[in-house]
Structures are given as C-alpha cells and as structure tokens.
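Coordinate inspection notes
So you can see what is in the structure, the chains are spelled out below.
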Amino acid sequence: MQSSLDDLEPIASDDVATQPGLGEGAPSPEAKRVFIKTFGCQMNVYDSERMSEALAAQGYVETSEASEADLAILNTCHIREKAAEKVYSDLGRLRDIKRDRAKGGKETFIAVAGCVAQAEGDEIVRRAPAVDLVVGPQSYHRLPELLSRLRGGEKALVETAFPDEDKFDALPDRRPAKAASAFLTVQEGCDKFCTFCVVPYTRGMEFSRPVAALMDEARRLVDRGVRDITLLGQNVNGYHGEGTDGEAKSLAALIRELASIGGLQRIRYMTSHPRDMSDDLIAAHAHEEKLMPYLHLPFQAGSDRILAAMNRKHTAAEYLRLIARIREARPDIALSTDIIVGFPGETDQDFEDTLALVKEVGFAHAFSFKYSPRPGTPASTMDGQVPEDVKRERLDRLQTLIEECLARFNGASVGKTLPVLFEKAGRREGQLVGRSPYLQLVHADADPALVGSIVNVDIRSAGSNSLSGVICG
Ligand code: 5AD
Ligand code: SF4
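Cut-off values and rules
Residues numbered from 1 in each chain as written. Chains lettered and ligands numbered in written order. Predicted model: local features only at pLDDT ≥ 70, side-chain atom pairs only at ≥ 80, totals over all residues. Heavy atoms only, no water. Helix = DSSP H or I, 4+ residues; strand = E, 2+ residues; numbered from the N terminus. Rg over C-alpha atoms; globule rule 2.2 N^0.38 Å. Buried < 20%, exposed > 50% of the residue type's maximum accessible area, 1.4 Å probe, protein only. Contact = heavy atoms within 4.5 Å. Areas by Shrake-Rupley, 256 points an atom, 1.4 Å probe, with all protein chains shown as cover. Salt bridge = Lys/Arg side-chain N within 4 Å of Asp/Glu carboxyl O. Phe/Tyr/Trp six-rings, centres within 6.5 Å; stacked < 30°, edge-to-face > 60°. Lys NZ or Arg CZ within 6 Å of the ring centre and 35° of its normal. Pairing = 2+ DSSP bridges. Axes fitted to C-alpha atoms, helices over the stretch in contact; angles between N-to-C directions. Parallel < 35°, antiparallel > 145°, perpendicular 65-115°, else oblique. Nonpolar A, V, L, I, M, F, W, Y, C, P; charged D, E, K, R; others polar. Core = buried A, V, L, I, M, F, W, Y, C linked by side-chain atoms within 4.5 Å. Domains from an automatic or database assignment.

The next point concerns the overall build of the protein chain. Summing up its helical and strand segments, the protein chain has 14 helices and 19 strands in all. Computed over C-alpha atoms, the radius of gyration of the protein chain comes to 22 Å, within 12% of the 23 Å expected from 2.2 N^0.38 for 473 residues, which places it in the range of a compact globule. Here the C-alpha coordinates of the protein chain stretch approximately 60 × 60 × 50 Å along the principal axes. Across the 473 residues of the protein chain, 55% fall into the buried class. A separation threshold of at least 6 residues defines the contact pool for the protein chain, and within that pool the share at least 24 residues apart is 73%. If you sum the accessible surface of the protein chain, you get close to 19,600 Å²; carbon and sulfur atoms cover 50% of it.

Dropping the structure here:
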C-alpha cells in the first residue's frame, strides 16, 4: 500500500462513550482497556479501527496510555526497514510496562498485528519474548477468540495463515463515526510484484470485497454522519469485486453505485497503479460529481531503465500520457505520487530524470522515500546498491523540489472560493479545520455546529501544508 502516515499517534480514545454496550459517559473502572498504535498506511488505520470495534464488542475500551492497557496492540508496517525496526523498540517499552504492571498484580497482553506480524511471524516472539500474540492482517477478526485462548493459559500464539473465511464478514458492525470522513477498505493485496515491495508477500494476492457488502458498510457510515469516504486498497483501481448480478465490477462502477447514496457527498480512492487507470475510471473523473478531483498515482522513478528494473510495467512517457488524459477529463485534478530514490543501479542521470518528471507533472502532493532493501524482494539482492549518503542527498534535493511544487499548488488556491468539509475543531479557539476537494487542509473561523458540513470558504493565505480562509458571507 502506498503512503504514508509515518508514525501515527495511537487512535484517540475520545469516542469511548459511543461504543456499543458501554452506555453514556466514562467507561467503568473495571472495563478492559486496549492501547492500539498504528504504523504505516491508511489501510492500517482502517484495520486498527476495525480491531478496536471487534474488541469493543468484548467490552474493551480504548486508551491512549500504554501503561493503562490490559491489551497493547502494535499494528505494524513492513514497507521500509525503519518502520519495521521501530516496532522492536516499542516492544521493549511495552515489555517494561508489562513487567511493572505485573508487580501491581495486573495482567497485560502484548499483540503484534499488521504486516510485520505477517512477514516475521514466530521470529517476533523469538526476538521479543514478551509478545503474547502475533496476528496477521487477514486474521484480526479472530482477536477475541485468540485473547480467550491467552486467558486460558496458552502462550505465544502466532496466527498468520490466510484463512478461508472473509474477515470482513466475521467482524462486527461499524460503530458510530468519529468524523465526517472515513476510510473504507474495498480491496486488499497486490499482484504487481514491484521488485522493491513487500506488499505482495505480506498482504497476499489481490482480493476485492463484493459491491453489496461495501454498499452496506458505506450506508452505515453515512447514516452515522460520514460525508466523505476514501476507498482504500493497495491497488485500489484494480478493484474487481462481485456485483449484485454476479459479474465483476470495476472501481468506476463501484464509485457510481456509492454515489447513489444520498448523504454521501465526497468519494476518493487510493492507491492506484498507472497500469490500472482504465478509461471508465478516467471518465468517472469527468462525470461523477461526488468523485473528488484528487488522485494519488505513484510513479516511483523517472528513468525507464529504473522503472523496468522495478517491474513497474510503465515508462515515464506512458505515465505522462496518462496524466494528460486524466487532466483532459478533469483539468483541475490535484495529483499526488510516491517516489523512491536510490533504487539499485540508479545513476545521477536516472535521478535527474525523476526530478524532471516531478517538474513536468507539477504535483499537489508527493511522498518520497529512500530505497530500503526488504528481505525476500528481488531488488534487495540486485547489484548496484546505492550508498546511504547518496540516497540522503538525492532525497534532500527531491524533497526541496516537492516543497516548491506544494507551495505553488497551495499558492494558486489563494483568492479562490473552495467548498470545505469541516472535520473538527482547530488548534485555535473558534477555528475549524476541514478539507478542500483537493484534500488540502483548510482553517477558518467557524461555528462548531458546522462540523460535518460543506461550506464555501474564501481562501486568503497558503502555507506549505494548509490553507486559511474566511467563510463566505
Ligand atoms: N523502499 C522504499 N520505499 C518503498 N516503498 C515501497 N517499498 C519500498 C522500499 N522497499 C514506497 C513506494 C510505495 C510507498 C507506499 O512506499 O513508493 O508506493
Ligand atoms: Fe507494492 Fe507495486 Fe503493489 Fe504498490 S503496486 S503495493 S508498490 S507491489
């Protein structure tokens, strides 16, 4: 999966009182508490939310304090070495908490979920014996059962098989929404096998959820106040879920169906592969009003030689032609991307090609990474591994260029009126924060009652990460 919330805070516990079966007000002192820390991509954010729901049905409430937790879950990311290693340092801290709590007679279970769990399995328990449970991304619906086995005295459970049953069917219903926007995983896994990427190994082959299940989940989210849904998948535009007529449906068809849900106002999707940007999806950007003018479309590198070595299945020119077609359909579309520097064999000229492509497209947003060799992937054993200092220097240059692109894109919004979906209170008293159609953060002074509404805002100033404006009178 692409991009890129590198170190999320634990999911806040501010919705504790809204969980099923807990009634109003603060949780009872005897309630079991779960701490969840989420690493990596939006799909992990979604999974953490669903794990929390599965546990809420068992009487768990969330806490943002690991030291209070009866159950601590690290929902992990394996995409780059740094993210994976961070898990082990966090496990060291959790081990100390577990020991301290044990002195006070309190039991603590430590669980590792997500892609490190899937990739490293038993190895985690060997390296970090305080871990009680390792659960892969396809098995977290089994958490309640696994926890009762731990309570029954079983130790060091590792559940990383790809089970026959569909976890989505086995999970409890979505709980009331925390916000006006929500993620909805529609597709998982990836068959593209880019040579640098662990996803095909950790998340498995492509799987698309059926349209009916997604319509159902989307309707429930909308009933509970969600207005903006981002459809998630590691290769989301490869979506081919079963329709109600038994035929496979494209992502464009799914978007059209979702757009028929009255209260749903905005639809987005991520992450896409250039090879799967079909004509009907491009056309949807022209015709489907609820589909927001924002597209995250990684190109990874600007040199055809490197793209071939990455097994990306497209050239730089093909990517540019695709962008031109998308812009023809939706001229104001905001484009976002992922880029890797220092892939094995990348020369200075290859890197210059990457910079040139960034300049040519003019991205509204981009995530950039130093290549990180991942065990078991073909690129990790390729000749021509690039030294760390060269990667660092290239990343710095690329990020400077990206900053300029963002400033230009945001700057061009000043003087415009943008419809903003307000999501929550801002840091300053009286201020709300929302999103423009282009996914820009927008701050404006506004009545808190406007959270969940789309309001026109005159944009007055732009920073590198957000816009500020005044509500239209
Ligand atoms: N090294 C660096 N970046 C990577 N990505 C995926 N695998 C690696 C790796 N081994 C990046 C890609 C992908 C994003 C989610 O993470 O750019 O699109
Ligand atoms: Fe990884 Fe490539 Fe699949 Fe994206 S398309 S998840 S980078 S293998």
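Using the criterion set out here, one finds 32 salt bridges in the structure. In this structure, E188 engages R203 in a salt bridge whose closest nitrogen and oxygen atoms are separated by 3.0 Å. Taken together, the residues span a long stretch of sequence, with E188 in strand β8 (residues 187-188) and R203 in the loop between α7 (199-202) and β9 (207-208) at a distance of 15 residues. Pair check on accessibility: E188 and R203 agree, each one buried. Ionic pairing is found between K370 and E388, a salt bridge with its closest N-O pair at 2.7 Å. Taken as a pair, K370 in strand β14 (residues 365-370) and E388 in helix α14 (residues 388-411) lie far apart in primary sequence, 18 residues in all. Residue K370 is classed as partly exposed on the basis of its relative accessible area, which comes to 24%.

Here the focus is the packing of aromatic side chains. Taken as a whole, this structure holds six aromatic pairs when the rule is applied. Seen in terms of ring centroids, F299 and F363 are 5.8 Å apart; in terms of plane orientation they differ by 10 degrees. Their pairing is stacked. Highlighted residues: F299 in the loop between β12 (294-296) and α11 (304-309) and F363 in the loop between α13 (348-361) and β14, separated in sequence by 64 residues. For the pair shown, F299 and F363 are each scored as buried. With a centroid separation of 6.1 Å and 80 degrees between ring planes, the pair formed by F409 and Y438 is classed as edge-to-face. Taken together, the residues F409 in helix α14 and Y438 in the loop between β16 (431-435) and β17 (441-445) connect sequence positions 29 residues apart. The two residues F409 and Y438 agree in class, both being buried. One aromatic cluster is present, built from ring pairs that chain together F196, F343 and Y371. Note that R127 overlies the ring of Y88, its terminal NZ or CZ placed 3.6 Å from the centroid.

So, on to the side chain of Q138. Note that Q138 resides in the loop between β5 (133-135) and α5 (143-151). The contact partners of Q138, leaving out residues within four places of it in the chain, are A161, F162, P163, K167, E188 and R203.

What follows is about the pairing of β17. Relative to β17, β16 is paired through five bridges, and the arrangement is antiparallel. Paired with R435 across the bridge in β17 is L441. Linking β16 to β17, which pair antiparallel, is a turn of five residues; within it L439 sits at a positive phi near 70 degrees.

If you trace the backbone, Q42 turns up in helix α1 (residues 42-56). Along the chain, Q42 and Q234 lie 192 residues apart, while their C-alpha atoms are 9.8 Å from each other.

Contact geometry of helix α12 (residues 316-329) with α13 gives a least axis separation of 11 Å together with a crossing angle of 10 degrees. In terms of orientation, α12 and α13 fall into the roughly parallel class. Note on element contacts: α13 touches α12 through L357, E360 and V361, opposite A316, Y319, L320, I323 and R327. Residues that form the contact of α12 with α13 fall into these classes: six nonpolar, no polar and two charged.

This next bit is on unusual backbone geometry. Look at the link from M270 to T271: it is a cis peptide, with omega at 5 degrees. With a phi close to 40 degrees, A156 is a non-glycine residue in the positive phi region. Among the structural elements, A156 can be located in the loop between α5 and β6 (157-159). Even without being glycine, L439 reaches a positive phi, approximately 70 degrees.

Moving on to the nonpolar core. Counting residues in each nonpolar core, the largest one holds 93 residues, and the members touching the most others are I73, L231 and Y269. Here this core gathers at least three residues from each of two domains, domain 1 (32-159) and domain 2 (167-411). Not counting the four nearest positions on each side in its chain, L231 is found in contact with L184, V186, V236, L251, L254, I255, L258, I267, R268, Y269 and M270. The next biggest cluster of nonpolar side chains, apart from the first, holds 23 residues, and it includes L74, C77, L91 and V112.

Moving on, we come to the sheet that holds β14. Read from one edge of the open sheet, three strands run β12-β13-β14, paired in parallel fashion. Single-partner strands in this sheet number two, and they are β12 and β14. Adjacent strand axes in the sheet meet at a mean angle of 10 degrees, parallel and antiparallel pairs treated alike. Here β12 runs beside strand β13 (residues 334-341); their pairing, made up of three bridges, is parallel. Residue pairing across strands places L295 opposite L335, the latter belonging to β13.

On to the sheet that holds strand β7 (residues 181-185), then. Taken in spatial order, the three strands make up an open sheet running β7-β10-β11, and their pairing is parallel. At either end of the open sheet lies a strand with only one pairing partner, and these are β7 and β11 (266-270). Direction aside, the axes of adjacent strands within the sheet are offset by 25 degrees on average. Alignment of β7 against strand β10 (residues 228-232), held across five bridges, turns out to be parallel. Bridge assignment links T185 to a residue of β10, and that residue is L232. In the packing of α1 onto the sheet, contacts are made with β7, β10 and β11, and the angle to β7 comes to roughly 95 degrees.

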